[in-house]
Amino acid sequence: MAGSSSVTPILKDELDIVIATVRNLDFLEKWRPFFQHYHLIIVQDGDPSKTIKVPEGFDYELYNRDDINRILGPKASCISFKDSACRCFGFMVSKKKYVYTIDDDCFVAKDPSGKEMNAVEQHIQNLLSPSTPFLFNTLYDPYRDGTDFVRGYPFSLREGVPTAVSHGLWLNIPDYDAPTQLVKPLERNNRFVDAVMTVPKGTLFPMCGMNLGFNRELIGPAMYLGLMGDGQPIGRYDDMWAGWCTKVICDHLGYGVKTGLPYVWHTKASSPFANLKKEYKGIYWQEELIPFFQAVTLPKECTTVKKCYLELSKQVRAKLGKVDEYFNKLADAMITWIQAWDELNPSKGEAGHLN
Amino acid sequence: MASAGPALKDELDIVIPTIRNLDFLEMWRPFFQPYHLIIVQDGDPSKTIKVPDGFQYDLYNRNDINKLLGPKASCISFKDSACRCFGYMVSKKKYIYTIDDDCFVAKNPSGQDINALEQHIKNLLCPSAPYFFNTLYDPYAEGADFVRGYPFSLREGVPTAVSHGLWLNIPDYDAPTQLVKPAERNKRYVDAVMTIPKGTLFPMCGMNLAFDRDLIGPAMYFGLMGEGQPIGRYDDMWAGWCVKVICDHLGLGVKTGLPYIWHSKASNPFVNLKKEYKGIFWQEEIIPFFQTAILPKECTTVQACYIELSKQVKEKLGKIDPYFTKLGDAMVTWIEAWDELNPGKDAGKGKGK
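All values reported here derive from a predicted model rather than from experimental measurement.

### As for the overall build of chain A
Scanning chain A from N- to C-terminus turns up 10 helices and nine strands. For a compact globule of 355 residues, the expected C-alpha radius of gyration is about 20 Å, and chain A comes in at 19 Å, within 12% of that figure. Along the three orthogonal principal directions, the C-alpha set of chain A runs to about 55 × 50 × 45 Å. Here chain A holds 355 residues, and the buried ones make up 62% of them. Within chain A, residue pairs in contact and separated by at least 24 positions form 75% of the contacts whose partners lie at least 6 positions apart. With an accessible surface of roughly 13400 Å², chain A has 54% of that area assigned to carbon and sulfur atoms.

### Focus: the overall build of chain B
Helix and strand counts for chain B stand at 10 helices and nine strands. At 19 Å, chain B has a C-alpha radius of gyration in line with the 20 Å of a compact globule built from 353 residues. A principal-axis box enclosing the C-alpha atoms of chain B has dimensions of 55 × 50 × 45 Å. Intrachain contacts of chain B at a sequence separation of at least 6 include 75% that bridge at least 24 residues. Of the accessible surface of chain B, which amounts to about 13200 Å², a share of 54% is contributed by carbon and sulfur atoms.

### A look at the packing of aromatic side chains
Residue and element names in this part refer to chain B. In the structure shown here, the tally under the stated rule is 41 aromatic pairs over all chains. Their ring planes at 50 degrees and their centres at 4.5 Å tell us that Phe-146 and Tyr-150 sit as a pair that is tilted. Exposure class is identical for Phe-146 and Tyr-150. Each is buried. Measuring from centroid to centroid gives 6.3 Å for Trp-238 and Phe-324, while their planes differ by 40 degrees, and the two rings are tilted. Here Phe-324 lies in helix H10 (residues 322-341) and Trp-238 lies in helix H7 (residues 235-250), a separation of 86 residues in the sequence.

### What about the interface of chain A and chain B?
The interface is formed by 62 residues belonging to chain A together with 61 residues belonging to chain B. For the chain A and chain B pair, buried surface summed over both sides reaches about 5100 Å², with 57% attributable to carbon and sulfur atoms. Applying the counting criterion to the chain A and chain B interface returns 10 salt bridges. For Asp172(B), the salt bridge is made with Arg151(A), and the minimal N-O distance between the two is 2.9 Å. If you look at where chain A meets chain B, you find 26 residue pairs in polar contact (both at pLDDT 80 or more). Elements represented by at least two residues in the side of chain A that touches chain B include exactly strand S6 (163-172), helix H5 (178-183), helix H7 (238-253), strand S9 (256-266) and helix H8 (272-295) of chain A. A per-class count over the side of chain A that touches chain B returns 32 nonpolar, 13 polar and 17 charged.

### Overview of the state of the cysteines
What the rule picks out here adds up to zero disulfides over all chains. Lacking any disulfide linkage, Cys78(A) is separated from the closest cysteine sulfur, that of Cys88(A), by 6.6 Å. Relative accessible area serves as the criterion here: at 1%, Cys78(A) is assigned to the buried category. Of the cysteine sulfurs around Cys85(B), a residue in no disulfide, the closest is that of Cys75(B), at 6.6 Å.

### Topic: unusual backbone geometry
Look at the link from Leu261(A) to Pro262(A): it is a cis peptide, with omega at 10 degrees. When you line up the elements, Pro262(A) lands in strand S9. Of note, the bond from Leu258(B) into Pro259(B) is cis; its omega dihedral lies within 30 degrees of zero at 10 degrees. Mapped onto the elements of the fold, Pro259(B) is located in strand S9 (residues 253-263). You will see that Lys82(A), though not glycine, has its phi angle at about 60 degrees, which is positive. Checked against the element boundaries, Lys82(A) lands in the loop between helix H2 (65-72) and helix H3 (88-93). Looking at Lys82(A), the relative accessible area reads 54%, which means it is exposed. With a phi close to 55 degrees, Leu8(B) is a non-glycine residue in the positive phi region. Tracing the backbone through its elements, the reader meets Leu8(B) in the segment before strand S1 (12-18).

### Focus on the UniProt feature "site: Required for activity" (unreviewed entry) in chain A
UniProt records the feature "site: Required for activity" (unreviewed entry) for Arg151(A) and Arg158(A) in the present numbering. Among the structural elements, Arg151(A) can be located in the loop between helix H4 (119-128) and S6. By relative accessible area, Arg151(A) is classed as buried at 5%. With near-sequence residues (within four places) excluded, Arg151(A) lies in contact with Asp172(B), Tyr173(B), Asp174(B), Pro203(B), Cys205(B), Arg233(B), Asp236(B), Met237(B) and Glu276(B). Within the structure, the side chain of Arg151(A) is placed 2.9 Å from the backbone oxygen of Arg233(B), a separation counted as a polar contact.

### Let's talk about a nonpolar patch on the surface
Residues and elements named next belong to chain A. A grouping of Leu-182, Val-183, Phe-273, Leu-276, Tyr-280 and Tyr-284 is seen on the molecular surface, where their side chains present a nonpolar patch of about 640 Å² in accessible area. Element by element, the count of residues in the nonpolar patch is highest for H8, at four residues. Locating Leu-276 in the fold gives a position in helix H8.

### As for the nonpolar core
Residues Trp241(A) and Trp238(B) are the most contacted members of the largest nonpolar core, which totals 245 residues. Looking at this core element by element, the count peaks at 11 residues for helix H10 (residues 326-344) of chain A. If near-sequence neighbours (up to four positions away) are discounted, Trp238(B) is found in contact with Tyr221(B), Ile286(B), Phe290(B), Tyr306(B), Val313(B), Leu317(B), Phe324(B), Leu327(B) and Met331(B).

### A short note on H10(B)
Residue and element names in this part refer to chain B. The end-to-end C-alpha distance of H10, which contains 20 residues, comes to 29 Å, matching closely the 28 Å that a straight helix rising 1.5 Å per residue would cover. Inspection of H10 places Tyr-323, Phe-324, Leu-327, Gly-328, Ala-330, Met-331, Thr-333, Trp-334, Ile-335, Ala-337, Trp-338 and Leu-341 among the buried residues, and these make up the whole buried set. For H10, the N-terminal cap is Asp-321; the gap from its side-chain oxygen to the backbone nitrogen of Tyr-323 is 2.8 Å.

### So, the packing of helix H8 (residues 269-292) of chain B against helix H9 (residues 302-317) of chain B
Helix-helix packing: each pair is described by the crossing angle between the helix axes and the interaxial distance. Residue and element names in this part refer to chain B. Where H8 meets H9, the closest approach of the two axes is 11 Å, and the angle between their N-to-C directions is 135 degrees. As far as their axial angle goes, H9 and H8 are oblique. For the pair H8 and H9, the crossing hand works out as right-handed. From H8, Glu-285, Ile-286, Phe-289 and Phe-290 reach across to H9, where they touch Leu-309, Gln-312, Val-313, Lys-316 and Leu-317. Its residues placed into classes, the contact of H8 with H9 shows six nonpolar, one polar and two charged.

### Comments concerning the pairing of strand S8 (residues 208-212) of chain B
Residues and elements named next belong to chain B. Counting buried residues along S8, five of its five residues qualify, which places the element largely inside the surrounding structure. Here S8 shows no split at all, with Asn-208, Ala-210 and Asp-212 on one side and Leu-209 and Phe-211 on the other all buried. With five bridges joining them, strand S4 (residues 95-99) and S8 adopt antiparallel strand pairing. Each bridged residue has a counterpart across the sheet, and for Tyr-95 the counterpart in S8 is Asp-212. Pairing between strand S6 (residues 160-169) and S8: three bridges, direction antiparallel. Looking at S8, one finds that Ser-163 is bridged to Ala-210.

Cut-offs and rules
- Residues numbered from 1 in each chain as written.
- Chains lettered and ligands numbered in written order.
- Predicted model: local features only at pLDDT ≥ 70, side-chain atom pairs only at ≥ 80, totals over all residues.
- Heavy atoms only, no water.
- Helix = DSSP H or I, 4+ residues; strand = E, 2+ residues; numbered from the N terminus.
- Rg over C-alpha atoms; globule rule 2.2 N^0.38 Å.
- Buried < 20%, exposed > 50% of the residue type's maximum accessible area, 1.4 Å probe, protein only.
- Contact = heavy atoms within 4.5 Å.
- Areas by Shrake-Rupley, 256 points an atom, 1.4 Å probe, with all protein chains shown as cover.
- Phe/Tyr/Trp six-rings, centres within 6.5 Å; stacked < 30°, edge-to-face > 60°.
- Buried area = accessible area lost by both parts, 1.4 Å probe.
- Salt bridge = Lys/Arg side-chain N within 4 Å of Asp/Glu carboxyl O.
- Polar contact = N/O pair within 3.5 Å; in protein donor to acceptor, adjacent residues only side chain to side chain.
- Nonpolar A, V, L, I, M, F, W, Y, C, P; charged D, E, K, R; others polar.
- Disulfide = S-S within 2.5 Å.
- UniProt positions renumbered as here; feature names shortened; annotations may be inferred.
- Patch = residues over 30% accessible without salt bridge, like charges linked within 9 Å, V, L, I, M, F, W, Y side chains within 5 Å.
- Core = buried A, V, L, I, M, F, W, Y, C linked by side-chain atoms within 4.5 Å.
- Expected span 1.5 Å × (residues − 1).
- Axes fitted to C-alpha atoms, helices over the stretch in contact; angles between N-to-C directions.
- Parallel < 35°, antiparallel > 145°, perpendicular 65-115°, else oblique.
- Left-handed = near helix turned anticlockwise from the far one by under 90°.
- Pairing = 2+ DSSP bridges.

Encoded structure:
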């Protein structure tokens, strides 16, 4: 049954906002009306001796590289350095059920009527209502106000499944790869698409970490953003990697991944030349990674996210190790991540128990 | 793509089933007039259907269908808009657009009239992307593209076989939903076209639908509905499930989203419940059937896929109800009739994955 137009709970004590930054957090001023209820986890990348100024009135904890090293010891090796992928440390260290992560160059967007969009509220709506991965509803998310399942949608599938991920989008600077940025430097995303939809089971998608919400209890351990940045041969594939792992595991465990609203206003176009350097290997590697993830099967015995993830790390090593030595390191790091997650989140039942 | 005059003027037929009148065409005149219409008159063949002046059309009533198909006419539904698929079969054009006679021109949020046909043509003429979901929707739309992380080898896309449009105002709900929410109207204009990913089925509505006849025509059979049949309002659903399975097998794309039309008439939910009743139960078995249907490699044309599907329907669904055995037979009859009226035209040939 479609959701009624009741007030969306704020989930003030159940949601953390995780932000990775190297510069400053001025952007938070614009978000104040929407973010002020929430606890922030700030992951400071780069030089730990710098001071990051947080605007007044926000409740937050901040971790720099020294903190990460101190808390994780040798396991800190799985957390990227000099790359926003370090934000996943924030996912690990959070004690909340839900996480919202946003980039520090993303601002409040307006809908076509000129109204400012509360991105967190929309993500919460997305996460609190079910997903429908088994059959595509042509009127998109059937649980939104003013819509429903269409004729021909089997009734047994209308309860949906729990939503693990809410993937938001961006107006203005679109999330393009380097080749596309080089070819179309002026293109701006001006199209406001008023829809949320479930990415169907069996279908992968490019998950962007700029404006992303997820249920940490359902899928947290799968949200590892990989080895990027300093000392690594690749960058700008952190969220992609997490997205492919997450989707495969969600499909296996019967969880949903939504994409669409909310929008944020993305202001900064990163340098396409710098991006090409970072993405270069990824452009070739992804041609092998995608078929790998598309063909992954997880055994029935993998009934929790962690078991799924460890199994995935084995398959990464077995099948992608031959593509490049990097994937052996990454497979090791995936294990280290789970170990670190377990240490910081001891005996809280298993995340994402298979129904 | 932008050429002088309306796009694909001589390559597209508009197929409209009707029992009453075609007054709605007046509103569509600016957009439809250049195109040839195929009108399939359902119900009493002795009635005269008045077509507004200035349209070029062929009209077929039941007598014509019986005359043209002989005994094979048994596969064409009577007293149900499913009869429209006769129009698909008898068309000589590459593309079909079909629309219901209670669907009118909608306006986009800026108040502009939407040329639904033009949007369908755009959808059909540019590729689909079924193997990976693009989060900015149709990457071939103006002002959009593939996003970061979308593999480059998949950016050529595949040919688009179907363009499934949507409806503002009266949404296409089933009877239970209509009974529970009689006042709900679809007011949400979603400015997107997207490919339905491979391996995922969807409810295909025939109210505002276009397809490439050369690529997928023979799969667009709308089943046995209406008079003498135990079910109704599952014609387009049946075609949609068959079409999607075959498109997935042959590497063809199905898009959904824009364009919108304005759907003006809410059909009677009590009548609808009677028609849909069996379908409500049957679809619970039909969906898993289609979700697990596998077509052998040797099926390289739509006709071959469809005949194979008809065998599987009889074998696996026949046990649910004898209706499916009849339907399996009708599927074969449909292909025979299609091939007779369209000799030597293997559809979707050789479109490997």
